[in-house]
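Coordinate inspection notes
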Amino acid sequence: MQSKRAEVRIIDTTILSDDWYSLKKYTFELQRHDGEWQRQNREAYDRGNGATILLYNREKRTLILTRQFRFPVFLNGHDGYLIETAAGLLDNMDPESRIKAEAEEETGYRVARPQKVFEAFMSPGSVTEKLYFYIAEYQPQDRTGDGGGIKDEGEDIEVLEMPFEAALRAIDDGLIVDGKTIMLIYHLALKGIL
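Residues numbered from 1 in each chain as written. Predicted model: local features only at pLDDT ≥ 70, side-chain atom pairs only at ≥ 80, totals over all residues. Heavy atoms only, no water.

Regarding the pattern of salt bridges
So the rule is basically this: Salt bridges, as used here, are contacts in which a Lys or Arg side-chain nitrogen is within 4 Å of a carboxyl oxygen on Asp or Glu. We count a stretch as a helix when DSSP gives it H or I for four or more residues in a row; a strand needs E for two or more, and each element gets its number in order from the N terminus. Throughout, exposure labels follow a simple rule: accessible area from a 1.4 Å probe, protein chains only, divided by the maximum for the residue type, with under 20% read as buried, over 50% as exposed, and the rest as partly exposed.
Under the definition given, this model contains 16 salt bridges. Among the ionic pairs, Arg 61 bridges to Glu 165, the shortest N-O distance being 2.4 Å. A residue pair is termed long-range when its members are at least 10 positions apart, and Arg 61 in the loop between β4 (50–57) and β5 (62–69) and Glu 165 in helix α3 (residues 164–172) qualify at 104 residues. In this structure Glu 165 comes out as partly exposed when scored by relative accessible area, which is 33%. Taking the shortest distance from any N to any O, the salt bridge between Glu 104 and Arg 110 comes out at 3.1 Å. Residues joined by salt bridges that share partners form a network here, namely Arg 70, Glu 84, Asp 178 and Lys 180.

Here's the deal with the sheet that holds strand β1 (residues 8–17)
Put simply, the rule is: A pair of strands is considered paired only if DSSP assigns at least 2 bridges between the two. An axis is simply a line fitted to the C-alpha atoms; with a helix, the fit covers only the stretch in contact. Between two such axes, the angle follows the N-to-C directions and lies from 0 to 180 degrees.
Spatially, β1-β2-β3 is the arrangement adopted by the 3 strands of the open sheet, whose pairing is antiparallel. Strands at the two margins of the open sheet, each flanked by one partner only, are β1 and β3 (37–46). Taken pair by pair, the neighbouring strands of this sheet meet at an average axis angle of 20°, ignoring direction. Of the strand pairs in this sheet, strand β2 (residues 22–31) and β3 are connected by 10 bridges, and their pairing is antiparallel. Along β3, the bridge assignment pairs Thr 27 with Asn 41.

Details of the packing of aromatic side chains
Our working definition: Only Phe, Tyr and Trp rings are paired, with Trp represented by its six-membered ring, and only when their centres lie within 6.5 Å; those with planes under 30 degrees apart are stacked, over 60 edge-to-face, the remainder tilted.
Throughout the structure, instances matching the rule amount to 7 aromatic pairs. Measuring from ring centre to ring centre gives 5.1 Å for Tyr 109 and Tyr 138, while their planes differ by 65°; the resulting arrangement is edge-to-face. Taken together, the residues Tyr 109 in the loop between α2 (95–107) and β8 (115–121) and Tyr 138 in the loop between β9 (130–137) and β10 (158–163) connect sequence positions 29 residues apart. When sorted by exposure, Tyr 109 lands in the same class as Tyr 138, which is buried. Ring pairs connect the aromatic residues Phe 69, Phe 71, Phe 74 and Tyr 81, which therefore count as one cluster.

Description of the nonpolar core
Across soluble globular proteins, nonpolar side chains show a tendency to be buried alongside one another. Which entries qualify depends on this criterion: We define a nonpolar core as any set of buried Ala, Val, Leu, Ile, Met, Phe, Trp, Tyr and Cys residues linked to one another through side-chain atoms lying within 4.5 Å. Residues are treated as being in contact if the distance between any of their heavy atoms lies within 4.5 Å.
By size, the foremost hydrophobic cluster in this structure holds 22 residues, and its most contacted members are Leu 54, Leu 63, Ile 176, Ile 185 and Leu 188. Mapped onto this core, the elements with two or more residues apiece are β4, β5, β9, β10, α3 and α4 (179–190). Filtering out sequence-adjacent residues up to four positions away, Ile 185 remains in contact with Leu 54, Leu 63, Phe 164, Ala 167, Leu 168, Ile 171 and Ile 176. Core analysis: the next-biggest nonpolar cluster, separate from the first, contains 14 residues, Ile 99, Ala 103, Tyr 109 and Tyr 132 among them.

Observations regarding the pairing of β9
Of all 8 residues that make up β9, 7 are buried, and the element is covered over most of its length. Bridge count for β8 against β9 is 6 bridges, and the pairing is antiparallel. Across the sheet, the residue bridging to Phe 118 is Phe 133, located in β9.

A word on α3
How we decide: Taken from the helix axis, the directions to the C-beta atoms give the arc we talk about.
Of all the residues in α3, the buried ones are Phe 164, Ala 167, Ala 170 and Ile 171. Buried residues of α3, seen end-on, are gathered within an arc of 115° and therefore sit on one face of the element. Packed against the buried residues of α3 are β5, β10 and α4. Downstream of α3 by a residue or two, Gly 174 has a phi angle that is positive, lying close to 80°.

Structure representation (structure tokens):
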């Protein structure tokens, strides 16, 4: 199937918030499939693009995951602590360099050769962010520190080493509910990597 580019005319842009990242309201016209132009209004949150990585050990059949507090999920009735893959915004770096740095900051493991597996928009109805997904094999000697993130950025990250089968059960049981993490764990399962 061939890609198709939308025909869009942006009429107006209003900044609603520019505190942490940018939330804007757009008025635009979209050309429908029948050729008619339709005026619409949408809000879009722009926080930049990001990258995520799942570290796995083939011999031990384990994964390195993180657990950290996420305020928006707390507001939505969750206990607030999500089990996740290491991830971060690109902050003007290329995805591979950023995910290497992020993995070491959050998990304490140095990643030599991350393997890019795909790219995805995680919430395309309201957020501009595209995520770059990586996997990498780790060994115990790759651990260079405790991880935990950067305190000055509000990070307080617990590093978890979890058996692969336990992670799959945790998805089924609703313990792992983070989309990017589920996608990467299932990727390992579907590709027969673990």
